[in-house]
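Here is what each chain is made of, one letter per residue.
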Amino acid sequence: MEYLVVWLFFCALVGVWASKKGRSGVGAFLISCFLSPLIGAIIVALMSPGGAAALPRDELGDPITPDTHVKCPDCKELVRREARKCKHCGASLIPQ
Ligand SMILES: [Zn+2]
C-alpha cells in the first residue's frame, strides 16, 4: 500500500513539472502511472517548453511575440508594436 502512495506521489510530481513547462500535467501524470514515474520524468525532461507559459512576458503580463513587439532601433530593447516612443530610451519609433 505504501508503495502505491509513493508511486502516485512521484507521478503527481512529474505532472506538476510538466504543467510548469506549459505541457499537459494530466497527460504526464497518466503516462507516469501506467509506465513509471521515472519514464514520465525522462519524457518531461526531453519535452521542449511549450504553450503560452513558455513565452516571455512584458510588464503587463502580455506574451512578447514578433507580432506584438518590435525591437527599438536605438537601444535594441523590445517595445510594443503600437508604441510611438521607446519606453527604454525615449527614441521615437515610426509606426509600422
Ligand atoms: Zn529604445
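How each quantity is defined
- Residues numbered from 1 in each chain as written.
- Predicted model: local features only at pLDDT ≥ 70, side-chain atom pairs only at ≥ 80, totals over all residues.
- Helix = DSSP H or I, 4+ residues; strand = E, 2+ residues; numbered from the N terminus.
- Rg over C-alpha atoms; globule rule 2.2 N^0.38 Å.
- Buried ≥ 20, exposed ≤ 12 C-beta atoms within 10 Å, placed from the backbone.
- Contact = placed C-beta atoms within 7 Å.
- Arc of directions from axis to C-beta.
- Axes fitted to C-alpha atoms, helices over the stretch in contact; angles between N-to-C directions.
- Nonpolar A, V, L, I, M, F, W, Y, C, P; charged D, E, K, R; others polar.

## Focus on the overall build of the protein chain
Across its full length, the protein chain carries 3 helices and 2 strands. Since a compact globule built from 96 residues should have a radius of gyration of about 12 Å, the 21 Å found for the protein chain marks it as more spread out than a globular shape. With the C-alpha coordinates of the protein chain rotated into their principal frame, the extents come out at 65 × 20 × 15 Å. Going through the 96 residues of the protein chain one by one, you find that 15% of them count as buried. Taking as baseline every contact in the protein chain between residues at least 6 positions apart, the subset at least 24 positions apart corresponds to 23%.

## Considerations on helix H2 (residues 25-34)
Each α-helix turn comprises 3.6 residues. Residues three or four places apart therefore point the same way. Of the positions making up H2, those classed as buried are Ala 28, Phe 29, Ile 31 and Ser 32. Within H2, the buried residues cover an arc of 165° as seen down the axis, which keeps them to one side. Set apart from the buried face of H2 by more than 90 degrees, the exposed residues are Val 26 and Phe 34. Packed against the buried residues of H2 are helix H1 (2-20) and helix H3 (37-46).

## A word on the packing of H2 against H3
Two elements in contact, H2 and H3, have axes whose closest approach is 6 Å; the angle formed by their N-to-C orientations is 145°. Residues Ala 28, Ile 31 and Ser 32 of H2 touch H3, and the partners they reach there are Pro 37, Gly 40, Ile 43 and Val 44. Counted by class, the contact of H2 with H3 contains 5 nonpolar, 2 polar and no charged residues.

Purely spatial values, then, with no claim about function.
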